[in-house]
Amino acid sequence: MARPAPGERRRPAVRRSAPILGVLLAIPVLLTACQDKPAALDPHSPEAERVASLIWTFTGLLGLIWLAVAVVSVVAVYRRHEGPRDPLVLAPAGETRRTAVVGVLVAATLLVVLGLTGLSYAAQARLFSAPEEGLVIKITGHQWWWDVQYEGDSPSRVVRTANEIHVPVGRPVLLKLEASDVIHSAWVPSLMGKIDLIPGRQNVKRLVVAKEGTYEGRCAEFCGLQHAHMGMLFVAQAPEAFDRWLVAQRAPAAAPDAPDRRSGHDAFLAKPCVMCHAVRGTPAQGQLGPDLTHLASRRTLGAGTLPMTRGALAAWVSDPHGVKPGVAMPPTPLTGPELDSMVAYLESLL
Amino acid sequence: MSEAVHPGASPVPVERAAAREASGETRTQRDTDLPDAELDRRLARTWGRPAGLVGWLSSVDHKEVGWRYFVTAMVFLALAGSAAMAMRAQLARPDAGLIGPDLYNQIFTMHGTTMMFLFAVPVMQAFGVYLVPLMVGARCIAFPRLAAFSFWVYLFGGLMLWIAFLLNAAPDVGWFAYTPLSGPQFSPGKRSDIWAQMITFTEVSSLAVAVSVIVTVFKHRAPGMTLDRIPLAVWAMLVTSFVVIFAMPAVMLASTMLILDRLVSTQFFNHEAGGDQLLWQHLFWFFGHPEVYIIFLPATGFVSSIVVAFAQRPAFGYLPLVLALVATAFLSFGLWVHHMFATGLPQLGASFFTASSMLIAVPSGIQIFCWIATLWGRRPAMATPMLFVMGFLVIFVMGGMTGVMVASVPLDLQVHDTYFVVAHFHYVLIGGAVFPLLGAFYFWYPKFTGRMMSERLGRWNFWLAFVGFNLTFFVMHVLGLMGMPRRVYTYPSDSGWGPLNMVSSIGSVMLAASFGLFFVNALWSLRRGVRAPSNPWNAGTLEWALPSPPPAYNFARIPIVTHHEPLWKERESLPVAHGLAVDEREILVSTLVEARPDLREVVPGSSIWPLISAIALSIAFVASIFSPYAALWGGALVGAALLGWFWPKSSHEDEE
């Protein structure tokens, strides 16, 4: 087909299908509106609140600019033809007007950019202001779980747990982040932006949680096969509840108090489990895997992979690779009764 | 093209030079006195290539090489697109078991790697190889054998990657392959090596093409094409080529260091031995951010060409448009750290990169405003290329807006490595590069093939792509804010991410269908399309003066350029220069700034050696994945091939 003559226009087809297009393009917007409030826009910490309002400001302003550019582009091409048809004959007045308008728009772009940079700096300055003392929690990223340690005044008072981080509401918390293998990144959308955990380095992150609640977080930096199953849970409690929790966590595991738990305990110590896991108060002192002293007090299993239930524990112990392919934990050959008693024992580790 | 001497043109130096030589003792036949038909016949014989398979493999014609680049890049587009569809199928529902983590990680790595290294950059260079010589009025690209060589290297690198995928040995560490995950300890086997070596292949090839393009633009422009008469699309390719030359070595260095770490136990990225794993990120993103502009800048050239042709007026703001290209190129090297805000950098350093990242909105804004000002009140015909330009404006500007958002440190920490960023860079790359690319394909297809693409299918193609694209990617912004990280092979059903992922997957089917239509249209039009006149869009740049498709020698007589839209200025016939030889591949070398005719030079013709050298190089590269000694004997192999390539010949080349 040769180029259509200048007068000829083929718009009817577009006009006919415009309603369909409108509906199709409205679908994502409508669906978006129907969703729950996205976690990043549902802040529960001063930091996340500041960032959420930054997101709204940027989105509002930039969205308007986008709309203006889109509308002007469409208007530009559907305006009545002005001036002579010869491509090299241009009306000088039109060119002057264009120069003025484009000049103003470029200046406006620069102003908007400077303004937004200023807003960003202000938020950044407040986010990373001088360090305050606070509860120190050391988080070490592993493929694919989080080792969590609450520093104490002596080594025996260090509390070690995994994947579930309890914090007191309103009290400043200092997270020290490290990694043992590859780079991970901690992210809790309602509470804080990302901070990488890098082997051989320590990053520090300050955090204050404003409201009680359970907040989902996860690894955000691709870290290998099970990056998808590397969740963490932030549990924000009233300060008194938190202190009670910390005391309970500091205690060694309770001795098994029922026959099946006792045989589970024995099986646990007899099997390779102890090579990697520690249960304080027993000879099991492995350091490669999560500390299991208060395993059953946690809400999830396998870094957020499964809920902490009897069935999930049985599935995890008997066939971890069926649940989370590639996980470091090997399958442990157990007879039916052994499995039952071991699950009973693990369930008692409150 | 008819022969005429522009009344106002000053005496042409080439002609004088030719006359001087003609008076002396020379057998060389020159074009001065030959009638058109005889000239075409002789030039076709000189510039043609031998028939048969060997002749086909020996071709150094930039149009054939460029076309091969296109076709190959499009095949890789289809493959990487299929990988994307597989991911969308897996992610459509929560807890889906269609694809396991091992395969999924390979697939998203293949998708990103192929799209960036084997599709986006090569397809832009394909346009450069094909169009730049035509647009500057040259008979061939500079270093034609080098261009042919780089195509083969690119092809073999891509083949190696996809054969590895078929053998279940594809890389699975993402397209930016962060250490230490990609290092010897956490990625045993050969997967990461294959990724790193694929980088070496494609970078060698990109660098070679960049050199060819730069020299073509600097030294092979037609007489009279001063710097301010260079078409904007050529400026874009020129600036891009410089970015390639400064950015690509960083990633080649990084990937070589990675291979050394893996193969001969150097410790560049091992912090325990004094190395630094973050060094990888700096090197990679020092390349990786300019890479985005390597893909985007040529697309701005396409947009300029299409906008000018459809507005039927010269570009408004030629100088600002060129300066915006140059400014973008410079700024692109000062942004890399905004990919690393979460690594715990000093805040002052990070904030510098906020400013530089936001600042790049200014040259982009200049370009957008100038294009709109060019179109304003010109009532362009809404044919398919123009539709894609409109789609580009709407989508790319939204990507630019989210780009401003991720430049802000606090904001970026919230959306970094989530689907928000996935949405952002697809808006920028598909909106900013693929839409203009498809538009450019519709625009120049008649020049490539001599036929028009179907306008009806073109409209379907555009609207499906536009709607499908927005359905697929708009919802990803929200998914990111909801907390969905990148690169997860599945997600739990209680996350609430299911419905939007389903919408995205449905949209991706539409997007895939639009590409299906594009391929159907391109293939169908090859045989059945309406025959195209030489200048179907009444555009003003030199390539439209040629028959479609252009003959092997491009211009029977070298045009003299008197305006930046020469075909609009010289409506009836172009002034031409005389005096080039017709019985050997003689071209005109001009001066850098003013494009005055400077020298006549004979360029090398068809040769099988670029292919043989590329094969030797590929053997060396692939073997050095497995043994460090391959670098030694492979080097000897490549040296032998190059000896063959550069073996002195007793031809006119030397006598002149």
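Placed above this text is the structure.
Summarised in this report is the structure supplied together with it. Just so we're clear, the structure is a prediction, and the values are computed from it rather than from any experiment.

We now examine the packing of helix α13 (residues 384-407) of chain B against helix α16 (residues 455-482) of chain B. Residues and elements named next belong to chain B. Between α13 and α16, whose axes approach to 9 Å, the crossing angle comes to 10°. In terms of axis orientation, α13 runs roughly parallel to α16. Where α13 approaches α16, its residues T384, L387, F388, G391, V394, I395, M398 and T402 are matched on the opposing element by E455, G458, R459, N461, F462, W463, F466, F469, N470, F474 and H477. The class makeup of the residues in the contact of α13 with α16 is 10 nonpolar, seven polar and two charged.

With that settled, the discussion passes to the sheet that holds strand β3 (residues 159-162) of chain A. Residues and elements named next belong to chain A. If you trace the five strands from one edge of the open sheet to the other, you get β3-β2-β1-β5-β8, paired in mixed fashion. Whereas interior strands pair on both sides, the edge strands pair on one side only; in this sheet they are β3 and β8 (203-207). When strand polarity is set aside, the average angle formed by the axes of neighbouring strands in this sheet is 25°. With four bridges joining them, strand β2 (residues 145-150) and β3 adopt antiparallel strand pairing.

Here we come to a nonpolar patch on the surface. All names here are of chain B. On the surface, I615, I619, Y629, L632, W633 and L637 cluster together into a nonpolar patch covering about 620 Å² of accessible area. For the nonpolar patch, the secondary structure elements donating two or more residues are α19 (609-626) and α20 (630-646). Sort the elements by how many residues they give to the nonpolar patch and α20 lands first, with three residues.

Turning next to the interface of chain B and chain A. Facing the 104 residues of chain B at the interface are 93 residues of chain A. Of the roughly 8,800 Å² buried between chain B and chain A, counting both surfaces, carbon and sulfur atoms make up 70%. Summed over the three residues of chain B that lose the most area to chain A, namely B:W376, B:R379 and B:Q414, the buried surface amounts to 10% of that side. In this structure, the connection of chain B to chain A is made through two salt bridges. Ionic pairing is found between A:E95 and B:R313, a salt bridge with its closest N-O pair at 2.8 Å. Counting across the interface, chain B meets chain A through 23 residue pairs in polar contact (both at pLDDT 80 or more). Ranked by residues supplied to the side of chain B that touches chain A, first place goes to α16(B) with 13 residues. Taken together, the residues of the side of chain B that touches chain A break down into 67 nonpolar, 24 polar and 13 charged.

We now examine helix α8 (residues 232-263) of chain B. Residue and element names in this part refer to chain B. Along its 32 residues, α8 runs 45 Å from first to last C-alpha, staying within 8% of the 46 Å computed at 1.5 Å per residue. Its axis deflected by about 30° at A247, α8 carries its strongest bend there, up to four residues before the proline P249. Across the 32 residues that make up α8, a large majority, 24, are buried. Once α8 ends, the next one or two residues include S265, with phi positive near 60°.

What follows is about the packing of helix α3 (residues 92-127) of chain A against helix α11 (residues 347-359) of chain B. Relative orientation of the contacting elements α3(A) and α11(B) amounts to 160°, with a least axis distance of 9 Å. On the basis of their axis angle, the class for α3(A) and α11(B) is roughly antiparallel. In terms of crossing hand, the pair formed by α3(A) and α11(B) is right-handed. Touching A:L110, A:V113, A:L116, A:T117, A:S120, A:Y121 and A:Q124 of α3(A) are B:Q347, B:A350, B:S351, B:F352, B:T354, B:A355, B:M358 and B:L359, all from α11(B). Its residues assigned to classes, the contact of α3(A) with α11(B) comprises nine nonpolar, six polar and no charged.

This brings us to the pairing of strand β9 (residues 213-219) of chain A. In terms of strand pairing, strand β6 (residues 184-188) of chain A meets β9(A) through two bridges, oriented antiparallel. Residue pairing across strands places A:W187 opposite A:R218, the latter belonging to β9(A).

The next subject is the sheet that holds β9(A). Residues and elements named next belong to chain A. An order of β4-β10-β9-β6-β7 is seen for the five strands of this open sheet, with the pairing classed as mixed. This sheet does not close on itself; its edge strands, each paired only once, are β4 (164-168) and β7 (192-197). On average, each strand axis in the sheet is tilted by 25° relative to the strand beside it, whichever way the strands run. Note that β9 and strand β10 (residues 231-237) share six bridges and pair antiparallel. Counted as the bridge partner of G213 is A236 from β10.

The rules behind each value
- Residues numbered from 1 in each chain as written.
- Chains lettered and ligands numbered in written order.
- Predicted model: local features only at pLDDT ≥ 70, side-chain atom pairs only at ≥ 80, totals over all residues.
- Heavy atoms only, no water.
- Axes fitted to C-alpha atoms, helices over the stretch in contact; angles between N-to-C directions.
- Helix = DSSP H or I, 4+ residues; strand = E, 2+ residues; numbered from the N terminus.
- Parallel < 35°, antiparallel > 145°, perpendicular 65-115°, else oblique.
- Contact = heavy atoms within 4.5 Å.
- Nonpolar A, V, L, I, M, F, W, Y, C, P; charged D, E, K, R; others polar.
- Pairing = 2+ DSSP bridges.
- Patch = residues over 30% accessible without salt bridge, like charges linked within 9 Å, V, L, I, M, F, W, Y side chains within 5 Å.
- Areas by Shrake-Rupley, 256 points an atom, 1.4 Å probe, with all protein chains shown as cover.
- Salt bridge = Lys/Arg side-chain N within 4 Å of Asp/Glu carboxyl O.
- Buried area = accessible area lost by both parts, 1.4 Å probe.
- Polar contact = N/O pair within 3.5 Å; in protein donor to acceptor, adjacent residues only side chain to side chain.
- Expected span 1.5 Å × (residues − 1).
- Bend = angle between axes of the 7 residues up to and from the residue.
- Buried < 20%, exposed > 50% of the residue type's maximum accessible area, 1.4 Å probe, protein only.
- Left-handed = near helix turned anticlockwise from the far one by under 90°.

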